[in-house]
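Secondary and tertiary structure notes
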Amino acid sequence: MRLRPHLSLLLALSLPASPSFSQESAQSPAGPPAEDVVMVRVGPDAITVDDFMAHVTARPDRIAESATPAGRAGLLRTLIAERLLRQAMALDGLVPEDPTPDTWREALATFADKHYPLPPVPDVQALESYYLEHRNDFGIPETVRVTQIQFRVPDNATEDQIRLARARADAALARLQAGEPFGTLAAELTENPAARDTGGDLGFLPKQGDPWLETALMGLDVGEHGSVVESPAGFEILMVTDQRDAIISPFEQVKEYVARILQTSQQDQARKDYIRALAAKTEIVVELDELKDQLTHPIFP
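Below you will find a few notes about this structure. In this text the structure is predicted, and so the values were computed from the model without any measurement. (Residues numbered from 1 in each chain as written. Predicted model: local features only at pLDDT ≥ 70, side-chain atom pairs only at ≥ 80, totals over all residues. Heavy atoms only, no water.)

We now examine the overall build of the chain. A count of helices and strands for the chain gives 12 helices and nine strands. Within the span of the chain, comprising 301 residues, buried residues form 34% of the whole. Within the chain, counting contacts between residues at least 6 apart in sequence, those at least 24 apart form 67% of the total. Taken as a whole, the chain presents about 17,500 Å² of accessible surface, with 52% of it coming from carbon and sulfur. (Helix = DSSP H or I, 4+ residues; strand = E, 2+ residues; numbered from the N terminus. Buried < 20%, exposed > 50% of the residue type's maximum accessible area, 1.4 Å probe, protein only. Contact = heavy atoms within 4.5 Å. Areas by Shrake-Rupley, 256 points an atom, 1.4 Å probe, with all protein chains shown as cover.)

Looking now at helix H4 (residues 69–91). The end-to-end C-alpha distance of H4, which contains 23 residues, comes to 32 Å, matching closely the 33 Å that a straight helix rising 1.5 Å per residue would cover. Just beyond H4, the residue with positive phi is Gly93, at close to 70°. (Expected span 1.5 Å × (residues − 1).)

Moving on, we get to the pairing of strand E4 (residues 143–152). Summarising burial for E4: eight of the 10 residues are buried, a large majority. Here E4 runs beside strand E5 (residues 201–206); their pairing, made up of four bridges, is antiparallel. Counterpart to Arg145 in the pairing with E5 is Phe204. Where E4 and strand E7 (residues 234–244) come together, 10 bridges link them in antiparallel fashion. Within E7, the residue paired with Thr147 across the bridge is Met239. (Pairing = 2+ DSSP bridges.)

Here we take up the pattern of salt bridges. Summed over all chains, the structure comprises 18 salt bridges. Among the salt bridges present, the one from Asp92 reaches Lys114, with a minimum N-O distance of 3.4 Å. Here Asp92, found in the loop between H4 and helix H5 (101–115), pairs with Lys114, found in helix H5; they are 22 residues apart in sequence, far enough to count as distant. A salt bridge links Glu142 to Lys207; the shortest N-O distance between them is 3.7 Å. (Salt bridge = Lys/Arg side-chain N within 4 Å of Asp/Glu carboxyl O.)

This part takes up the environment of Asn192. On the secondary structure map, Asn192 appears in the loop between helix H8 (182–189) and helix H9 (193–196). Asn192 gets classed as buried once you look at its relative accessible area, which sits at 11%. A sequence separation of 40 residues divides Asn192 from Arg152, and the C-alpha atoms of the two residues are 7.6 Å apart. Excluding residues that lie within four positions of it along the chain, Asn192 makes contacts with Gln148, Gln150, Arg152 and Leu202. Within the structure, Asn192 has its side chain in polar contact with the side chain of Gln148 (distance 3.1 Å). (Polar contact = N/O pair within 3.5 Å; in protein donor to acceptor, adjacent residues only side chain to side chain.)

This is how it looks when you write it as structure tokens:
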């Protein structure tokens, strides 16, 4: 078995050594081909290392996942689902004889219409409810321009390091309360290197979406700064220098789009339920020991 160059080392290091798959055989371009390693059996079909590698190669944004057992298990679940659907399509006589991307899309659409069709358009109340809960997805959310003085706490910090960072923040707050300009102190003191050259200016940020930032900005008007707050980076003092109101599309303009979102979401859930039912009546055997703890039954809980 010859492996694709950009994945051979990855899998040679991450998959367990076996008589048919080893780091030496993965790195050697010459020699007789070895029998492919079966990772999972789905009914009468086998998912092999070659199948897995072809799957990952087609999804370069997910290559990093294949470096860990949990990541490989997630990728294999996708492969198992595809294999289950293909088997079900074969029983329905829908697998094209000489498949092309177009004929596969047509066959999948026909199969979906039969087993998990697009549901009817939800009623207006459901559409409005979704719209109100996700208003910021249908326009530009409310934003504020923020200037920051940040005091960082390193990862795995000791109690002394945390205490010293808080003391630096408290000293800066005292200087602000004594009348020193916020921008001047931000340029001098902030420990965020990306904001030091801008006098602490972070630009416009969404007012909602980040819990700690929402709390830190609560009650602040333009020109006001808060007290010391704890953040994921350490401690912060924030000042609001500008704000922009949200620009949200009216419900009537996006009603059809909202309907499509809900219909697609419901159809996707129906597809998952259908695959779960197929898996429940299919013998699925995990062959690689390192995956057995990750791909436990049921495969699709």
